[in-house]
Structures are given as C-alpha cells and as structure tokens.
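Given next are the chains, with one letter for each unit.
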Amino acid sequence: MNKVDVAVVGATTLVGEAMLDLLASRKFPAGRVYALEAETDGEQDVDFGNKTLDVEPLADFDFASVQLVLFAAGEDIAARYAPEAVVAGCVVIDDSACFRFDADVPLVVAEVNPQDIAAGKTRRIIANPGSTVSQILAVLKPLHDRVTVTRINAVTFQAVSGSGRAGVDELARQTAQLLNARPVEPSLYPRQIAFNLLPHIGAFQENGYTWEEMKMVLETRKILGEATLPVNPSAVRVPVFFGHAVALHVETAQKLSAAETVRLLTAAAGVTVLDERADSGYATPVTDAVNTDTVYVSRIREDISCAAGLDLWVVADNVRKSAALNAVQIAEILVRDYLPDWLSGN
C-alpha cells in the first residue's frame, strides 16, 4: 500500500502522543492522520512531526474514513469503539487489556511473535500486551528458542507513567509537597507514592496476586504459546516517572552460560546489552531507557541457587518502547504483509 489513513484514539494520552511521534519519525506511510479523544473541548491539538493536528471528538468520528485505528485510550473506550471501527472496515491495534485474552485476537510483541498478526484477520483486532510483558519477552524469546524457559520469576518496578498522565501528576505533586514540608494527600494511589514503594498494582485477586500480576502470567503464556508455563510475578509501583525495570529470574531446560546469554541477547532484535561488572555498568530507567527504542538488559549472571538458571535486570521506556513503538511496529508489519489483502477481502 502506498498510503494508509490512520486514526489515533487517545491522542492526548502519554501513549497516544508517543504513537503520533513514532508514526512521524519512522516515516510510516500515513495519508490522513486523525487525532481523537473521547472528551475534548475542541481547542486541543497535538504534534505530528512538524505538523499540528486538531484533536477531534471520538463520538463524531466516521471510522469509514480510515483503514487503521490505534487505540491508546483505556479498556472502556476500546470496548465501545473498537468494534465500531471494525464494522466500518478498519483494522484495530489496541494498547489496552480489553481484548488481550480473547482467543481470536492475537497478542503480539513485534520482535517476539510477529507471525501471530496473521490470526488477526478474523476479528481485525490486534492487542498490545502490558509494557512489562513486552520488555520481558523481548529478552526471553531468544533464550526460550535456544534452551526452553521452564519457569519465570519476575519482580517488576513500574513507573507512575504506567498509570497515565494522572500518575505522573500525582508523583510530581507529592514530591513538591514533601520538599516544601507540606502534607501529602494521596489521590490516584492508595498510599503516598513519592519517596515510597507500593507493592500493589491492580485489584487484588482471590489468590492474593493483583490483576497486574495475573495479566503478566496470562499474557506471557499466550504470547509464547505455553499454556502452563510457571510464571511467578510481583508488581511494585515506584517513584519514577518513566521506565519500567524488572528483576528477572529464569530457569531453563538446559543450562545456559552467562557468556552465551550475552551472545544471544546481543544479536536479538530490539535488545541492547549493557552489562559491565563495574560501577555504572548497567542500565537504569532514567539514565538509559527513557526516550529510547530498545530494551536494555544488564546484570546477566548464572543463578547460584539453581543449576540451570539465569538472573537478569531488564529496563525499557514503558510508554515509548513497550507500548507505543510496539503498536507502530505492528502497524508497519500489517501494512507490509497483510493490510492490502485484508482490506480487499482476500
């Protein structure tokens, strides 16, 4: 296809803004581009490369005027409007959890299972996984292909931008309050987030895990095609604006040395190894990951408590790399390999 008309739903969200930036900077073959919001005062605008787009009301938009819709607006909006877009003839890429566990909707990490995009022809909806799952699997897939991952333990340290702009605002506000000796009043989060850690992301489930943690289990299994793979996650909200980090402990069917792991990950698409056993020889969210398009992996070592185990530190920009870029990469693959046939009815 020469040009694809695109709409971004949730264009003023952190992920929506990043999607627009990436569509422009990666020279996606876009014709007309529409910026949409469920609630807008008619005076908002967003950047698209060197252009400015007016933000239009979602409820009034005619989806028949585009071929591709990227949703960055949350589950409620996706549930209401994505089916409408499909009926109008569009293909949808959704960043929310709305469709992730539907059997006929592929859940895709572009560097991990791009072949699964083909299964999206039936519903014309493709789902983006959670940010932590995207960065974990970008690192684990090359190892899984080589020695088979048999168990995953992951502790995630998730930035407040995972809660959207409201999370960023809450951390900024509380930090300012504390630095000015003023009392903190939590609003979005149940406890103070500034200078604190919250071992709680998502609603608690009957098994004691949170929904964020259970999503990691279910999404990892679906993407890898391993329905019973043991995954043991803990999710922690941390006072960092952007960039999720994961302390990852992996068991494998055959032993893999740290040196071989470095070799495999150095060759992996979308992954950068920063692993020097010295001060500052590792990646952090603020100094390395933010505003970059790669997953960093550091602290690569053989697990001294397990005969065939590895320990890794994995960092990525949760908004740009793991959410927005993954959606844009899926869109690029769609346009290159699938969209012309899907739209023609073949």
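Residues numbered from 1 in each chain as written. Predicted model: local features only at pLDDT ≥ 70, side-chain atom pairs only at ≥ 80, totals over all residues. Heavy atoms only, no water.

Enquirer: For this particular structure, what's the right way to read the sheet that holds strand β12 (residues 295–302)?
Expert: Through backbone hydrogen bonds, the strands of a sheet pair up, either in parallel or in antiparallel fashion. The sheet built from six strands is open, its strands ordered β9-β8-β10-β13-β12-β11 with mixed pairing. Strands with a single pairing partner mark the edges of an open sheet, and in this sheet they are β9 (231–237) and β11 (271–273). Averaged over all adjacent pairs, the angle separating strand axes in this sheet is 20 degrees, with direction ignored. As paired strands, β12 and strand β13 (residues 309–316) are joined by five bridges and run antiparallel to one another. Paired with R301 across the bridge in β13 is D311. In this fold helix α5 (residues 211–224) packs onto β8 (149–158) and β9, with an angle of close to 140 degrees to the strand it touches most, β9. (Pairing = 2+ DSSP bridges. Helix = DSSP H or I, 4+ residues; strand = E, 2+ residues; numbered from the N terminus. Axes fitted to C-alpha atoms, helices over the stretch in contact; angles between N-to-C directions. Contact = heavy atoms within 4.5 Å.)

Enquirer: Looking at this model, I keep getting lost on the sheet that holds strand β4 (residues 51–57). Mind explaining?
Expert: Spatially, seven strands are ordered β3-β4-β2-β1-β5-β6-β7 in an open sheet, and the strand pairing comes out mixed. On the outer flanks of this sheet lie β3 (45–48) and β7 (125–127), each paired with one strand and no other. Ignoring strand direction, the axes of neighbouring strands in this sheet form an average angle of 25 degrees. Two elements, strand β1 (residues 4–9) and strand β2 (residues 30–37), share five bridges in a ladder whose sense is parallel. Bridging across to β2, V9 finds its partner in L36. Its contacts with the sheet put helix α8 (residues 320–344) on β1, β5 (68–71), β6 (91–94) and β7, and the angle it makes with β6 is roughly 160 degrees.

Enquirer: Is there a simple way to think about the pattern of salt bridges in this case?
Expert: For side chains bearing opposite charge, pairing can occur when the charged atoms are close. Summed over all chains, the structure comprises 17 salt bridges. Its salt-bridge partner being D21, residue R320 comes within 2.8 Å of it at the nearest N-O pair. On the criterion of sequence distance, the pair formed by R320 in helix α8 and D21 in helix α1 (residues 14–25) is long-range, its members being 299 residues apart. You can call R320 buried: its relative accessible area is 16%. Residue E219 pairs with R100 through a salt bridge whose shortest N-O separation is 2.9 Å. Of this pair, E219 sits in helix α5 while R100 sits in the loop between β6 and β7, and the two are 119 residues apart along the sequence. (Salt bridge = Lys/Arg side-chain N within 4 Å of Asp/Glu carboxyl O. Buried < 20%, exposed > 50% of the residue type's maximum accessible area, 1.4 Å probe, protein only.)

Enquirer: Whenever I open this one, the packing of helix α3 (residues 131–147) against α5 confuses me. Can you help?
Expert: How two helices sit against one another is set out by the angle between their axes and by the gap between those axes. The geometry of α3 relative to α5 is characterised by a closest axis approach of 11 Å and an angle of 40 degrees between their N-to-C directions. Relative to α5, the element α3 lies oblique. Two packed elements cross with a definite hand, and for α3 against α5 that hand is right-handed. In this structure, α3 uses T132, V133, I136, L137, K141 and H144 to contact α5, whose residues at the interface are E212, M216, E219, T220, I223 and L224. Residue composition of the contact of α3 with α5, by class: six nonpolar, three polar and three charged. (Parallel < 35°, antiparallel > 145°, perpendicular 65-115°, else oblique. Left-handed = near helix turned anticlockwise from the far one by under 90°. Nonpolar A, V, L, I, M, F, W, Y, C, P; charged D, E, K, R; others polar.)

Enquirer: Just checking my understanding: could you explain helix α2 (residues 75–87) for this structure?
Expert: In an α-helix, one turn spans 3.6 residues; hence positions three or four apart end up facing the same way. For α2, built from 13 residues, the straight-helix expectation of 18 Å at 1.5 Å per residue is met to within 8% by its first-to-last C-alpha distance of 18 Å. Within α2, the axis deviates most sharply at Y81, by approximately 30 degrees, and proline P83 lies no more than four positions further along. Along α2, the positions that sit buried rather than exposed are I77, A78, Y81, A82 and A85. At its buried positions, α2 is contacted by β1, β5 and β6. (Expected span 1.5 Å × (residues − 1). Bend = angle between axes of the 7 residues up to and from the residue.)

Enquirer: Help me understand the state of the cysteines, please; the structure alone is not making it clear to me.
Expert: Here a disulfide denotes a covalent bond joining the sulfur atom of one cysteine to the sulfur atom of another. Scanning all chains against the criterion turns up zero disulfides. C98 carries a free sulfur, and the closest cysteine sulfur to it, the one in C90, is 16 Å from it. Assessed through its relative accessible area of 23%, C98 is described here as partly exposed. (Disulfide = S-S within 2.5 Å.)

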